[in-house]
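Per-entry structural report
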Amino acid sequence: MTDTTTTEEVTFCAVHPDRETGLRCNRCGRYMCAQCAVPTPIGYRCKECVREVEDRFFSATNTDYLIAGAISLVATAAVTFLGAQIGILGFWLIGFFAGVVYGGILSQLLLTVLQKRRGRYTGLVASAAIVVGAAAVLLLTGRLVNLGIWLFAGVTVSVVYGRFR
C-alpha cells in the first residue's frame, strides 16, 4: 500500500509574517492575509499593487501642492475676512450655503490653475490651508468663537476635499 497523505506547505503573509494564509494577490502572486487584501472587481490584490495602479491617475508635482496650498490659504483668508467684516458669515445658515458655493468655486479655481493635475494629497493640502486661513483671520480679528465662520470653513473643506478625492 502507498501512503496517499499530502503535506500542504504552510504560507504566511508577506507583510505580517506571523499570520498564516493561503490567499495570493491576483497580480503579483504575493501571499497576503485578510487585513492586507483589497477586494477589486477582478479579485483580491495586495495594497502595493492597488497603490501602483492608483498612482497612474496622480500627476501633480510638489510645486502643485505649494500652489494649491497658497491659493487656498490666501483666498480663504480674504473671503473669511470680508465675510467677518460685513457680518454675513456670522449666521450659521448663511455660513453653510456660502461654504458650499465658495468650496465649488475654489475647487474649480484650483483645478484650472493646476491644469487639472491631481495629486494623492492635493485635497488634504488645500483643506489644511482652508482651515489655517480661516483660523488665522478669526484669531487676528478676535472672533475665534463664531459658529457661522467655522461652519463655512468646514463645509468648504468638505467640498474641496470631495472634489479632489
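Look up a bit, the structure's there.
Below, the structure is looked at part by part.

With that settled, consider the layout of surface pockets. Put simply, the largest pocket is a space of about 220 Å³. Forming the boundary of the largest pocket are Glu-54, Phe-58, Arg-118, Gly-119, Arg-120, Tyr-121, Gly-123, Leu-124, Tyr-161, Phe-164 and Arg-165. For the lining of the largest pocket, the elements supplying multiple residues, two or more each, are α4 (122-141) and α5 (147-164). Considering only residue class, the lining of the largest pocket consists of five nonpolar, two polar and four charged.

Oppositely charged side chains can form a pair if their charged atoms are brought close together. Evaluation of the coordinates by the stated rule reveals three salt bridges. Salt-bridge contacts for Arg-27 lead to Glu-52; the nearest nitrogen and oxygen are separated by 3.1 Å. Here the residue Arg-27 occupies a position in the segment before β1 (37-40), and Glu-52 occupies one in helix α1 (residues 47-54), the gap between them amounting to 25 residues. According to the relative accessible area criterion, Arg-27 is partly exposed, its value standing at 37%.

So, on to the nonpolar core. Counting residues in hydrophobic clusters, the biggest one holds twelve residues: Ala-68, Tyr-102, Leu-106, Leu-110, Leu-111, Leu-114, Ala-126, Ile-130, Phe-152, Val-157, Val-160 and Phe-164. Counting only elements with at least two residues in this core, the list comes to α3 (92-113), α4 and α5. Aside from chain neighbours lying at most four places away, what touches Val-160 is Gly-103, Leu-106, Ser-107, Leu-110, Ala-126 and Ile-130. Counting residues in each nonpolar core, the second largest holds eight residues, with Cys-25, Cys-33, Cys-36 and Cys-46 among its members.

So, how was this worked out
Residues numbered from 1 in each chain as written. Predicted model: local features only at pLDDT ≥ 70, side-chain atom pairs only at ≥ 80, totals over all residues. Heavy atoms only, no water. 1 Å grid on protein atoms, 1.4 Å probe; cavity = no way out; pocket = protein on both sides within 12 Å on 5 of 7 lines; lining within 4 Å. Points joined across faces, edges and corners; volume = space filled by probe spheres on them. Helix = DSSP H or I, 4+ residues; strand = E, 2+ residues; numbered from the N terminus. Nonpolar A, V, L, I, M, F, W, Y, C, P; charged D, E, K, R; others polar. Salt bridge = Lys/Arg side-chain N within 4 Å of Asp/Glu carboxyl O. Buried < 20%, exposed > 50% of the residue type's maximum accessible area, 1.4 Å probe, protein only. Core = buried A, V, L, I, M, F, W, Y, C linked by side-chain atoms within 4.5 Å. Contact = heavy atoms within 4.5 Å.

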